[in-house]
Number of protein chains: 2
Amino acid sequence: MAWKFDSTEQGGRKRICIDMDETIADIATKHLAMFNRDHGTSLSKADFLGRWFYDVIDPEHVERAISYLHTEDFFVDLPVIAGSQRVIEALAEKYEVFIATAAMEFPTSFTAKYQWLQRHFPFLHPRNFVFCGDKSILNADYLIDDMPSHFPRFRGEGILFSAPHNHGVEGYRRVDSWIDVEKIFLAE
Amino acid sequence: MAWKFDSTEQGGRKRICIDMDETIADIATKHLAMFNRDHGTSLSKADFLGRWFYDVIDPEHVERAISYLHTEDFFVDLPVIAGSQRVIEALAEKYEVFIATAAMEFPTSFTAKYQWLQRHFPFLHPRNFVFCGDKSILNADYLIDDMPSHFPRFRGEGILFSAPHNHGVEGYRRVDSWIDVEKIFLAE
């Protein structure tokens, strides 16, 4: 029943943790479309450069905007961020790859996130999925994430995946796309 | 929306990860009762000393026995293992405490496990819950777990929580109860 591990199977391979929301799953496009539909607005990603979504919209709309993320099916049909499948499949040949998502913030999303990962990243074993909150719990060499708040306590190197909200954040190696990730980790 | 972390709030506190199934949640009693009811047997925990449940029962019954664990409500009403609440609440005063469960083996259990933890361990923040598979992903000083297979690749010290199936396993510090955990970590 329990999965078996060979304690040496990973040899000396480096370990990369990869965030889910806004790094491999495109949250913002759907979230913004729902918000615009319900509020008659025409906000675009460019309106959120360097700012949190919730700091830009009218405070009285924040509660509803957050509620979108707490519906069970929000995560079901999110688009995959361009290039992530191809590059992560290649990374998994050379590195230990884990997907680490702050799912504890959205407990209604567990099943949808698990199914989404299985559907779009079938080459990763579910034992390499991590649903957590505080990402300092991750024992890895690298964490690719759009949220710089996870990096100060992370034991490895945080690599910032560009998103509108982290525009202008300094202090970390930054990747603008999965092509950039490929250049760092898979250049011969 | 995102939880905020103070990167120094935990200071120099040691970190303890605690397994869920058979360490704080009593799986075996319910599982065995279901099995005995459906198969007219009268097996008890003593029949499994040093052996896996699935190595003891008739092979033709294994599939059904496993299926119990994959129902959505199996984990809902599990009893709490004696002393775990009191001792873990005290541990959380002196250590960083995370609950780390191999939930990826039972994706139907996510919600039930989350709710069970919130109900019985309300003093722990959900950001300290980790649903994973391969526990070598945990960045911690100690892992208290009934499954010794997690220990060889774990970066800290594995502490074996006694269960019938791990009877006789050597090579790790062993605790027979939460009183023993208290003695190790909370002795003045």
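Owing to the predicted nature of the structure, the values given are computational and were not obtained by experimental measurement.

## Thoughts on the nonpolar core
So, step 1. With 96 residues, the main nonpolar core has Leu91(A), Trp178(A), Leu91(B) and Trp178(B) as its most contacted residues.
So, step 2. If we skip the residues at most four places from it in the chain, Trp178(B) touches Ile18(B), Thr23(B), Ile24(B), Ile81(B), Ala82(B), Gly83(B), Ser84(B), Val87(B), Ile88(B), Leu91(B), Ile144(B) and Phe161(B).
So, step 3. In this structure, Ile137(A), Phe154(A), Leu160(A) and Val130(B) belong to the second largest nonpolar core, which totals 24 residues.

## Here's the deal with the interface of chain A and chain B
So, step 1. Opposite the 41 residues of chain A that make contact, chain B presents 41 residues.
So, step 2. Summed over the shared surface of chain A and chain B, the result is 2 salt bridges.
So, step 3. One salt bridge connects Glu96(B) with Arg153(A), and the closest N-O pair in it is separated by 2.9 Å.
So, step 4. At the junction of chain A and chain B, the tally comes to 11 residue pairs in polar contact (both at pLDDT 80 or more).

## A closer look at the relation of the copies chain A and chain B
So, step 1. Between chain A and chain B, the superposition needs a rotation of 180° and an axial shift of 0.0 Å, giving an RMSD of 0.0 Å. Taken together, the rotation angle and the small translation identify this as a two-fold axis.
So, step 2. Mapped onto chain B, 100% of the interface residues of chain A again fall at the interface, so both copies present the same surface.

## Points about the packing of helix H1 (residues 27-39) of chain B against helix H3 (residues 62-69) of chain B
Residues and elements named next belong to chain B.
So, step 1. Axis separation between H1 and H3 bottoms out at 10 Å; the angle between their running directions is 135°. One finds that H1 runs oblique with respect to H3. Note on packing geometry: the crossing formed by H1 with H3 is right-handed. Judged by residue contacts, Ile 27, His 31, Met 34, Phe 35, Asp 38 and His 39 of H1 engage Arg 64, Ala 65, Tyr 68 and Leu 69 from H3.
So, step 2. Its residues assigned to classes, the contact of H1 with H3 shows 6 nonpolar, 2 polar and 2 charged.

## Focus: the confidence of the model for chain A
Residues and elements named next belong to chain A.
So, step 1. Model confidence for chain A is summarised by a mean pLDDT of 92, while 94% of its residues fall at 70 or above.
So, step 2. Every residue in residues 1-9 scores below 50 in pLDDT, and together they form 25 contacts with partners more than four places removed in sequence or on other chains.
So, step 3. Across the assembled chains, the prediction reports ipTM 0.91 with pTM 0.92.

## Details of the pattern of salt bridges
So, step 1. Scanning all chains against the criterion turns up 26 salt bridges over all chains.
So, step 2. One salt bridge connects Lys135(A) with Asp19(A), and the closest N-O pair in it is separated by 2.9 Å. Taken as a pair, Lys135(A) in the loop between strand E3 (129-131) and strand E4 (142-145) and Asp19(A) in the loop between strand E1 (15-18) and helix H1 (27-39) lie far apart in primary sequence, 116 residues in all. No difference in accessibility class separates Lys135(A) from Asp19(A), as the two residues are buried.
So, step 3. Where salt bridges share partners, they join Arg15(A), Glu96(A), Asp134(B) and Arg153(B) into one cluster.

Definitions and cut-offs
Residues numbered from 1 in each chain as written. Chains lettered and ligands numbered in written order. Predicted model: local features only at pLDDT ≥ 70, side-chain atom pairs only at ≥ 80, totals over all residues. Heavy atoms only, no water. Core = buried A, V, L, I, M, F, W, Y, C linked by side-chain atoms within 4.5 Å. Buried < 20%, exposed > 50% of the residue type's maximum accessible area, 1.4 Å probe, protein only. Contact = heavy atoms within 4.5 Å. Salt bridge = Lys/Arg side-chain N within 4 Å of Asp/Glu carboxyl O. Polar contact = N/O pair within 3.5 Å; in protein donor to acceptor, adjacent residues only side chain to side chain. Least-squares fit on C-alpha atoms with pLDDT ≥ 70 in both. Axes fitted to C-alpha atoms, helices over the stretch in contact; angles between N-to-C directions. Helix = DSSP H or I, 4+ residues; strand = E, 2+ residues; numbered from the N terminus. Parallel < 35°, antiparallel > 145°, perpendicular 65-115°, else oblique. Left-handed = near helix turned anticlockwise from the far one by under 90°. Nonpolar A, V, L, I, M, F, W, Y, C, P; charged D, E, K, R; others polar. pLDDT = per-residue confidence, 0-100.

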